[in-house]
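# Chains, contacts and geometry: an overview
What follows is each chain in one-letter form.
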Amino acid sequence: MSDSNKSIRWGYLPDEILTHIFTFLPIKSTIICTSVSKTWKSLIQNPTFISTHLHHSHNKNQNNLRLLILLRNDKEVYTLHKEDDDPDFTEYTSFESPIQAPDPDYRDVVGTCNGLLCLSYSLPKHFEEIFLWNPCVRKFLQLPSPNVTFDTYDKSLKSFGFGFDPKTNDYKVVRILSLLRSRGDFGMSRPRVDVYSLSTGEWRMLSASASLPPTCAITSHGPPAFASGALHWIAVTGDKKRFVLVFDLGDEVFHQILLPELPSYTGKMRWTHVYVYGNSIAGFQRRVENGQINIWVMKEYGVASSWTKFSHQCPILGMPYTHPIGFRRNGEVILLNMGSELVSWNPDSQNIKNLEINGEIHTFCGSYVESLVLFDKATKGVVTY
Amino acid sequence: MKFCTVKQYFDDENNNNVTNGIATTVIPLPNKHLKIKANNKEMEQYEQELLRNVMPQELTKLILAANYLNFKEALDFFCRTVANAIQNKSVDYVRKFFGLESDFEPGEEEKLCKEFAWSFEGVDED
């Protein structure tokens, strides 16, 4: 048997076959392979291979994972949980953040996409510090400061979003500033929009009229839903009408999606969030007086008439403040019961399963896929840890 | 299966022994694959058997044959087999497996190993 290992001339395996072999390796092993030879290093730390690897990852069923980010004992905890064929939401792995957080309470998740996390940390009287981080390859970078005066910044309502533009194979962060004339009044001007692009490493202000949203204020808290190549928030117009504000990351233009109209006898309902639901989006609507939540799903993305309400309302689990934080791949809703544990609710059978994970107000839940994105970037402020 | 391509491949191939090896391993693969597709454990056992009975040089030829024949399932299967064989192994093990030598400048390799030190944690002993 040892003879067969003596002189194996594999050298002539064509590059595309070598990279095909690499796509079957776990990420850690792929990283080890960069130390095998110069050729292998250049094959792996290559944007084309990283895209192929990502595509392969998306298609591999057992790679579907759910990311949870929460605070435990004032410390940030990042865990990945299995999604497919796993009713128990078993923890797959966990990460430690390399970012020195000034105060985890001020940490916001801007979004996750293709294995990258976009996080923002804010301190009073400071610009947000925004980071892009891939925990699988242990690389992160901090975005440059925004090109706006702090005074303007401080007086504005800020919203951020993060996503991927497949047309240019680029990752973008969007910042929307709504200048406040006075407390609670978002003024009569259209918000200012800036876009950061990972490929250029710079912020760019959008000026074309079509690239600006209508006069409105974003009311949804937390990260926007990134679906169908666009970011989605709940926004409100001057005459108190709520709608879904959409920013197409590729074309860099804003659209609007109408929310379903409701007869007034249903009581005062408020749209609170938009979440990704499969290839489309879902909206959460809360009854103001008792906190009851209705979930609506846009069955056909972009078609306002296809908004469909779940037959059952979200259960209220003892506390008045139960709210959904995302969906599992199987359609179950993950509910956060303030100060208590996360549960998974089946909207059809109404079955509730305790996930035995303690949640708190900042808990983030989103889909995740392991990738090598950022692995080819050796310069431009990318930190390896 | 594309019969014309298969025939042409065998006509081109000079070495009859290699051809026979491929004929007995690659061709029956689709049926085998279908039979044991559902059962991952069986597939793993088949992979182990394949690694034991097939010489690494032949595994190269099998990969190239599957690629030439445009036989995606076989190509995926062989590539996955190789990936499983080198998974979580050290750089030296992988080099020996592929018969490669380091072509890094002195110091370059140390730098890489230091940069990605965390990825070498828990690697199988050689």
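If you're wondering where the values come from, they're calculated on a predicted model, not measured in any experiment.

This brings us to the UniProt feature "domain: SKP1 component dimerisation" (unreviewed entry) in chain B. Per the UniProt record, "domain: SKP1 component dimerisation" (unreviewed entry) is annotated on residues 75-118 of chain B. Here residues 75-118 of chain B is 64% helix and 0% strand, with 31 Å between the C-alpha atoms at its ends.

As a further point, take the interface of chain B and chain A. Each partner contributes to the interface: chain B provides 44 residues, whereas chain A provides 39 residues. Around 3600 Å² of area is buried between chain B and chain A when both sides are counted, 70% of it from carbon and sulfur atoms. On the chain B side of the interface with chain A, the three residues burying the most area are B:Phe98, B:Phe116 and B:Trp118, jointly 19% of the side's total. Here chain B and chain A share two salt bridges between them. Ionic pairing is found between B:Glu115 and A:Lys139, a salt bridge with its closest N-O pair at 3.6 Å. Elements that contribute at least two residues to the side of chain B that touches chain A include exactly helix H4 (40-53), helix H5 (56-68), helix H6 (72-86), helix H7 (91-98) and helix H8 (108-115) of chain B.

What follows concerns the environment of B:Asn84. Within the secondary structure, B:Asn84 sits in helix H6. In the structure, B:Asn84 is positioned 36 residues away from B:Gln48 in sequence and 9.7 Å away in space, judged by C-alpha atoms.

Another point: the pattern of salt bridges. Residues and elements named next belong to chain A. Under the counting rule described, the total for this entry stands at 17 salt bridges over all chains. Note that Lys172 and Glu252 form a salt bridge whose closest N and O atoms lie 2.8 Å from each other. One end of the pair, Lys172, is in strand E9 (residues 170-179); the other, Glu252, is in the loop between strand E15 (242-248) and strand E16 (253-257), and 80 residues separate them in sequence. The buried category is assigned to Glu252, whose relative accessible area is 10%. Asp194 is the salt-bridge partner of Arg192, the closest N and O atoms lying 2.8 Å from each other. Judged by its relative accessible area of 0%, Asp194 is buried. Three or more residues are tied together by salt bridges with common partners; here these are Asp165, Lys172, Arg204 and Glu252.

Rules behind the numbers
Residues numbered from 1 in each chain as written. Chains lettered and ligands numbered in written order. Predicted model: local features only at pLDDT ≥ 70, side-chain atom pairs only at ≥ 80, totals over all residues. Heavy atoms only, no water. UniProt positions renumbered as here; feature names shortened; annotations may be inferred. Helix = DSSP H or I, 4+ residues; strand = E, 2+ residues; numbered from the N terminus. Contact = heavy atoms within 4.5 Å. Buried area = accessible area lost by both parts, 1.4 Å probe. Salt bridge = Lys/Arg side-chain N within 4 Å of Asp/Glu carboxyl O. Buried < 20%, exposed > 50% of the residue type's maximum accessible area, 1.4 Å probe, protein only.

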